[in-house]
Amino acid sequence: MKLMDALELKRLKDLESYSVLDTLPEQDYDEITSIASALCGTPISLVSLIDEKRQWFKSNHGLEVRETPREHALCAHATQNKEEVLIVHDSRKDERFKSNPLVTGDPYVIFYAGVPLVTPQGHALGTLCVIDNQPKELTNAQISALRGLANQVINLLELRKSRRLLEELNQSRDRLISIIGHDLRG
């Protein structure tokens with residue numbers, strides 16, 4: 001159990017390093033979820049990130065809510081196996097999900113396919129997922145395309161982190177220049 005706790009702490013620290021939770025919607029992420037929904041013919045697609053207590057949606061195409069409790073998150077199950085796309089054709093027939101409030105009530109998650117968002121450090125932060133309120137099948141080509149879109153989400157997150165680090169370096173450089181310039185004049 002302690003090993004799992006240590007792994008989860010590392011995963012949460014990795015998630016925190018992206019400074020993305022509770023940020024405003026961004027067009028790049030929204031375009032990815034829009035493409036995913038169109039590609040798979042589903043009314044809902046999400047970029048879902050799992051923190052300690054909730055799944056929070058960086059992008060929520062076709063869904064009004066911005067988060068749900070972690071214990072109800074199908075995405076939390078999808079992150080358990082970082083290598084596999086979790087596909088649930090009919091959640092009403094799946095023992096893991098059939099009594100889940102997100103299945104039995106709004107938004108009636110019947111079909112679910114989630115691709116883990118795996119960082120270069122090997123942590124699954126959440127998923128890019130598509131959802132329908134009726135049973136569905138995806139083709140191999142659709143699954144492959146979802147994987148590609150999930151990779152683009154990770155690329156956006158990495159770019160976000162790089163920009164933030166560059167800003168911090170520039171601020172440090174400016175402070176150092178200010179200190180050195182002050183010392184040379186004094």
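Here is what the cut-offs are and how they apply
Residues numbered from 1 in each chain as written. Predicted model: local features only at pLDDT ≥ 70, side-chain atom pairs only at ≥ 80, totals over all residues. Heavy atoms only, no water. Phe/Tyr/Trp six-rings, centres within 6.5 Å; stacked < 30°, edge-to-face > 60°. Lys NZ or Arg CZ within 6 Å of the ring centre and 35° of its normal. Pairing = 2+ DSSP bridges. Helix = DSSP H or I, 4+ residues; strand = E, 2+ residues; numbered from the N terminus. Axes fitted to C-alpha atoms, helices over the stretch in contact; angles between N-to-C directions. pLDDT = per-residue confidence, 0-100. Core = buried A, V, L, I, M, F, W, Y, C linked by side-chain atoms within 4.5 Å. Buried < 20%, exposed > 50% of the residue type's maximum accessible area, 1.4 Å probe, protein only. Contact = heavy atoms within 4.5 Å. Polar contact = N/O pair within 3.5 Å; in protein donor to acceptor, adjacent residues only side chain to side chain. Salt bridge = Lys/Arg side-chain N within 4 Å of Asp/Glu carboxyl O.

(A) Up close: the packing of aromatic side chains. Applying the stated rule across the entire model yields 0 aromatic pairs. Over the face of the ring belonging to Tyr18 we find Lys161, whose NZ or CZ atom lies 4.1 Å from the ring centre.

(B) Inspection of the sheet that holds strand β2 (residues 54-61) at higher detail. Read across the sheet, 6 strands follow the order β3-β2-β1-β6-β5-β4 without closing on themselves; strand pairing throughout is antiparallel. The open sheet has two free edges, formed respectively by β3 (67-69) and β4 (86-88), since each of these has just one partner strand. On average, each strand axis in the sheet is inclined to that of its neighbour by 25°, with strand direction left out of account. Pairing between strand β5 (residues 111-118) and strand β6 (residues 124-132): 7 bridges, direction antiparallel.

(C) Representation of the confidence of the model for the protein. When the pLDDT values of the protein are averaged, the result is 92; 95% of them are 70 or greater. Per-element mean pLDDT across the protein ranges from 85 in helix α1 (residues 2-16) up to 98 in helix α2 (residues 27-40).

(D) Expanded view of the nonpolar core. Core analysis: the largest hydrophobic core is formed by 27 residues, its most contacted members being Leu117, Leu128, Val130, Leu138, Leu146 and Leu157. Those elements that place two or more of their residues in this core are α2, β1 (44-50), β5, β6 and α5 (140-185). The element that contributes the greatest number of residues to this core is α5, accounting for 8 residues. Not counting the four nearest positions on each side in its chain, Leu138 is found in contact with Cys40, Phe111, Ala113, Val130, Ile143 and Leu146. By size, the runner-up hydrophobic cluster in this structure holds 20 residues, among which are Ile44, Cys75, Ala78 and Cys129.

(E) Region of the structure containing the side chain of Ser45. Positionally, Ser45 belongs in strand β1. The buried category is assigned to Ser45, whose relative accessible area is 0%. Within polar-contact distance, the side chain of Ser45 engages the backbone oxygen of Thr33 at 3.5 Å. Ignoring sequence-local partners within four residues, the contact set of Ser45 consists of Thr33, Ala36, Ser37, Ser59, Asn60, His61, Leu128, Cys129 and Val130.

(F) Fine view of the pattern of salt bridges. On inspection of all chains with the given rule, the structure shows 14 salt bridges. Salt-bridge contacts for Lys136 lead to Asp132; the nearest nitrogen and oxygen are separated by 3.6 Å. For Asp132, a relative accessible area of 5% translates into the label buried. Asp174 serves as the salt-bridge partner of Arg173, at 2.9 Å between the closest nitrogen and oxygen. When its relative accessible area of 43% is taken as the criterion, Arg173 is described as partly exposed. By relative accessible area, Asp174 is classed as partly exposed at 42%. Residues joined by salt bridges that share partners form a network here, namely Asp22, Asp51, Arg54 and Glu67.

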